[in-house]
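Letter by letter, the chains look like this.
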Amino acid sequence: MRKSHGIALVITLVSILVVGGVSALMFSRMLDEMRHSRDNTAVVQTLMLARGGANVAGALLTGPVRDRLQQVVNATSSTTNRWSYGGNSSGTRPDPATVASDLATVASQLQTEVNSLVCDLNPAPASSGATVRVRVYFTNTACAGSATYPSGVGLPTGVKLPSGRFVDGAPRGGTGQNNLQQYSLPFVMVAEAAQGIYQRNVVLQGEFRFPIGRSSFARYALFTNVHTARGGGDVWFTDRTLFDGPVHTNQYFRFYRSPWFGGEVTSAGCASPGASSCSGSVTPGARFMSSDGSRQTFIAESAMSPSASAPTYRGTQPTFTDGVSWNSSFVKLPDNDSRQRDAADDRGLRFTSNLYSLELYATDSNGNLLTRNSSGEWQPTATYQYIKACTSSSSCTEYRYADGPSKVLYRKSGSSWVAVQSNFNGVIYVDGSINRLRGPSRVPANSTNPDDAPPALAHFAEITIAARDDIRITRDLKYENPPCDSSPTRNTDGSVTRATCDDLEVNNILGIYAQGTSSDPADVLIGGGDASSGLRAPQNIAVQGVLMSSTGIVGVENYNDLSPSGDVHLLGGVIEYYYGAFGTFNPSTGAPTAGYGRKFTYDQRMLNGKAPPYFPTTELDEVGTPRVISFGQREQVY
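Residues numbered from 1 in each chain as written. Predicted model: local features only at pLDDT ≥ 70, side-chain atom pairs only at ≥ 80, totals over all residues. Heavy atoms only, no water.

A. Region of interest: the overall build of the chain. Scanning the chain for helices and strands turns up 4 helices and 40 strands. Over its C-alpha atoms the chain spans a radius of gyration of 32 Å, topping by over 25% the 26 Å that the globule rule assigns to 638 residues. Along the first, second and third principal axes, the C-alpha atoms of the chain reach 140 × 65 × 60 Å. Of the contacts formed within the chain by residues at least 6 apart in sequence, a portion of 69% connects residues at least 24 apart. (Helix = DSSP H or I, 4+ residues; strand = E, 2+ residues; numbered from the N terminus. Rg over C-alpha atoms; globule rule 2.2 N^0.38 Å. Contact = heavy atoms within 4.5 Å.)

B. Quick look at the packing of aromatic side chains. Using the criterion set out here, one finds 32 aromatic pairs in the structure. Here the aromatic rings of phenylalanine 237 and phenylalanine 261 are separated by 5.2 Å at their centres, their planes lie at 75 degrees, and the arrangement is edge-to-face. A residue pair is termed long-range when its members are at least 10 positions apart, and phenylalanine 237 in the loop between β7 (222–226) and β8 (242–243) and phenylalanine 261 in strand β11 (residues 260–261) qualify at 24 residues. Both residues of the pair, phenylalanine 237 and phenylalanine 261, belong to the buried class. (Phe/Tyr/Trp six-rings, centres within 6.5 Å; stacked < 30°, edge-to-face > 60°. Buried < 20%, exposed > 50% of the residue type's maximum accessible area, 1.4 Å probe, protein only.)

C. Broad picture of the sheet that holds strand β15 (residues 319–320). Read from one edge to the other, the open sheet built from 3 strands follows the order β8-β11-β15, with strand pairing classed as parallel. Of all strands in the sheet, those with a lone pairing partner are β8 and β15, marking the two edges. Looking at chain direction, β8 and β11 are connected through 2 bridges and run parallel. Residue phenylalanine 243 lies in a different strand from β11, and its bridge partner there is phenylalanine 261. (Pairing = 2+ DSSP bridges.)

D. Summary view of the packing of helix α2 (residues 64–76) against helix α3 (residues 96–118). Where α2 contacts α3, the two axes come as close as 9 Å, and the packing angle between them is 145 degrees. In this structure, α2 crosses over α3, and the sense of that crossing is right-handed. Every residue of α3 that contacts α2 at Pro64, Val65, Arg68, Leu69, Val72, Ala75 and Thr76 is listed here: Thr105, Val106, Gln109, Leu110, Glu113, Val114, Ser116 and Leu117. Of the residues belonging to the contact of α2 with α3, the class tally is 9 nonpolar, 4 polar and 2 charged. (Axes fitted to C-alpha atoms, helices over the stretch in contact; angles between N-to-C directions. Left-handed = near helix turned anticlockwise from the far one by under 90°. Nonpolar A, V, L, I, M, F, W, Y, C, P; charged D, E, K, R; others polar.)

E. Representation of the sheet that holds strand β10 (residues 254–256) in the model. Pairing is mixed in the open sheet, where 3 strands are placed in the order β10-β13-β14. The strands lining the two open edges of the sheet, one partner per strand, are β10 and β14 (296–300). On average, each strand axis in the sheet is inclined to that of its neighbour by 30 degrees, with strand direction left out of account. Sheet topology note: the strand β13 (residues 285–289)/β14 ladder contains 5 bridges and is antiparallel. Across the sheet, the residue bridging to methionine 289 is glutamine 296, located in β14.

F. Spotlight on helix α4 (residues 338–347). Residues of α4 that are buried: Arg339, Gln340, Ala343 and Ala344. Projected down its long axis, α4 carries its buried residues within an arc of 135 degrees, all on one side. On the buried face of α4, the contacting elements are β17 (349–351), β25 (427–430), β27 (462–467), β31 (509–514) and β39 (617–623). (Arc of directions from axis to C-beta.)

G. Representation of α2 in the model. Here α2 contains 13 residues, and its C-alpha end-to-end distance of 19 Å stays within 8% of the 18 Å for a straight helix at 1.5 Å per residue. For α2, the full list of buried residues reads Val65, Arg66, Leu69, Gln70, Val72 and Val73. (Expected span 1.5 Å × (residues − 1).)

H. Representation of the pairing of strand β21 (residues 384–392). Here strand β18 (residues 357–363) runs beside β21; their pairing, made up of 7 bridges, is antiparallel. Within the sheet, the bridge partner assigned to leucine 360 lies in β21 and is isoleucine 387. As paired strands, β21 and strand β22 (residues 395–402) are joined by 8 bridges and run antiparallel to one another. Opposite isoleucine 387, over in β22, you have tyrosine 399 as the bridge partner. Connecting β21 to the next strand, β22, in antiparallel fashion are 2 residues.

I. Up close: the pattern of salt bridges. Tallied over the entire structure, the rule returns 22 salt bridges. Here lysine 332 ties to aspartate 335 by a salt bridge, and the two come within 3.5 Å at their closest N and O atoms. The closest approach of N and O atoms between arginine 350 and aspartate 345, which form a salt bridge, is 2.8 Å. Of the residues examined, aspartate 345 reaches a relative accessible area of 45% and is grouped as partly exposed. Taken together, the shared-partner salt bridges connect Arg165, Glu207 and Arg209 into one network. (Salt bridge = Lys/Arg side-chain N within 4 Å of Asp/Glu carboxyl O.)

J. Representation of unusual backbone geometry. Residue proline 380 is bonded to the preceding glutamine 379 through a cis peptide linkage, with omega at -15 degrees. Turning to its location among the elements, proline 380 is positioned in the loop between β20 (378–379) and β21. Residue valine 443 is joined to proline 444 through a cis peptide bond whose omega torsion reads 5 degrees. Here proline 444 is to be found in the loop between β26 (434–438) and β27. For cysteine 143, which is not glycine, the phi dihedral falls at a positive 70 degrees. Looking at the secondary structure, you find cysteine 143 in strand β2 (residues 141–144). By relative accessible area, which is 0% here, cysteine 143 ends up buried. The backbone phi angle of arginine 314 is positive, close to 45 degrees, even though this residue is not glycine. Take arginine 314: it is sitting in the loop between β14 and β15.

K. The arrangement of the environment of arginine 598 in detail. Inspection of the secondary structure puts arginine 598 in strand β38 (residues 597–602). Since its relative accessible area comes to 31%, arginine 598 is described here as partly exposed. It is 43 Å that separates the C-alpha atoms of arginine 598 and proline 123, two residues lying 475 residues apart in sequence. Setting aside chain neighbours within four positions, we find arginine 598 in contact with Asp567, Val568, Tyr579, Gly580, Ala581 and Phe582. At 2.6 Å, the side chain of arginine 598 forms a polar contact with the backbone oxygen of glycine 580. (Polar contact = N/O pair within 3.5 Å; in protein donor to acceptor, adjacent residues only side chain to side chain.)

Here you go:
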C-alpha cells in the first residue's frame, strides 16, 4: 500500500515538473514571439520612415530644386549656341561628349544647392522619436559642408552615376515658336531612418529630366531696363506697391515704407543700363528712404541689415515673400520685332500702314456680342473671334475665326466670308502705329464699371498684337474666361491677401508689343487724348493681357493733365524700357490727384510657361517643369 502511494507521489511530482517545464517553455516562446513581433513592427515602421524620407526628397526635386536649377542654368547655359548644353554642333542632336561635360558643371553646382535643401532635414514626425536623413547625389559626394555631414558622404558601395545626357528637342533658329530642349541628370537618392536600435535605408536611382527653352518676357509681372521715369525722375516702391509675380530691373530699385512682392524680385545692379548691356559700374543693392521721408541712401547688398534677404532701413521694410536677388543677370530687351513680323507674314495678319483702329470682340454664332445673365456670366459661349482693322473711320476690314484645330481665318467680303488663312497663328503685326486698340463698348456706354464691357477675346483666342510704333488702348480688353477674379489687397493690419486665380487652365491670352527704335521709341499707352475723337480711355479701364515696350514705356498718355480716372485694372504684366507713369496722388492722404491708379494682378499662367503666341523671349534659358524618373527603389546594407 505504501509502495503504491509512493509511486503515485513520484508520478505526480514528475507531472508537475513536466507541466511546469512545458508552461515555462511556452511562456518563454510567447515572450520571444512578442519580442519578435515588436521587433518586426519596429523594423517595418523604420523602413516606412525611410521610404517616406525618399518621398519628401522626391517632392523637393520637382519643387524647390527646380528653382535652384533655374539659377544654375542662368549661370551655365549658352545664350548664343544652337544648344543650351552641347555646343554649336550642326545636325539634329548635340555632341554627346560636350553635353556630358557641360552637364557635369551643372551637376556640380546643383549638388551644392541640393545639399542646402536636404542634408540637414529630418522629415520624421516629431512624435515618432525617429531620425530620417536624406542625401541626393548628382555627383559622387553629397552633403559636404552640411551640419550633419561636414565632410560629405560618398556614394554607396557598388553604386555609380552615369553622365548627363541630351534627351530630345530641336536646335535654336528660325522664326517659329520657341524650341524646347530636354536634358537629363542621373541621380542617386539615399534615405536612412533610425528609431531606437532599429535602422533601415532605401536607395533609389533615377533621372532628373528638365526641359529648357528661351524664357518669355511674359513671365514678368514688371520688368524695367532703367528703373526711372523716361525723363530721369526717381521711381519708388511704396506701401501702395503690390506685385504678385516676378519683378526685375537691370538697374536697381528704390524702397519706401512697406512695399509687398509676392514673386521673386531680381535686379542686375547696373548704374547706367544700356540697350544691350551694363554701360556703367555694377553695384548690387538698392536705394532706401526712411519711413518718415527724412533720409535716403543707397545700401549695397553686403551692407544690408539684418540680412540681404530681409533688409530694413529706418522703418522701411519691403516684403519679399518669394526671395530677392541683388546680383542677377542683365536681361536684354529685343532690338527688333522681326520674329513677330515674319510670323505675321507666315500665318498671321500684317498691315503695312498705320491703323486708325483695331478692334477685338467675341461673338456667338450669329456675330452678336456676348451678354450677361442674371449671375453676371457672359453667354452664350463664344463661337467666333472677330478682328476688325480700320485704316480710317470709314474704311474697315473684318476677319473672324472659330475654335478648332484648323483655325481658318476668314475675311468678310460683302455678305460672304472668304477663307484667307489656314492655321491662323494669332499674330497681328502693324508696320506703324495703332491709334485705337479696343474691345467692345460698355453696356451702357457711359458706365464707369469695367464689368459692363463684353469680352474682347473669346475663350479660345490666343493673340499677340505687335506694332513698329505706338499702340494706344482706348477701350477695355477683356477675356471671356479670365484666370483670376480678384487683385492683391492690402488689409488694415498691413498684411496682404493674394489674388484669387483658380482658373489657370483657360486658354484665352493677349500680348501687346510695341518695338520702336532707340531714336524713335514706341510706347504702349492708355489713351488720354481727345474723348470726342475716341482717343480717351474710360474710367477704371480693364486690360487683360501682357503689355510690352522694348524702347519706351507702358503708361497713361497725358496722365498729369487728366482728372482722377479710377484705376487701370491690369491682369497680366508690364515690360518696359523706362518706368511709365499712370497718375499722381497726394503722398499724405493717398488720394489720387491726376490720371489713373494701378490695380495690377499677375497672370499666374505665365509662371507656368504660358505666353501669347510669338511673344518676345529673353536670351536666357528657362527651366520648365522637371520629371523625376525612378529606375527602382531597394533596401541596401552597407
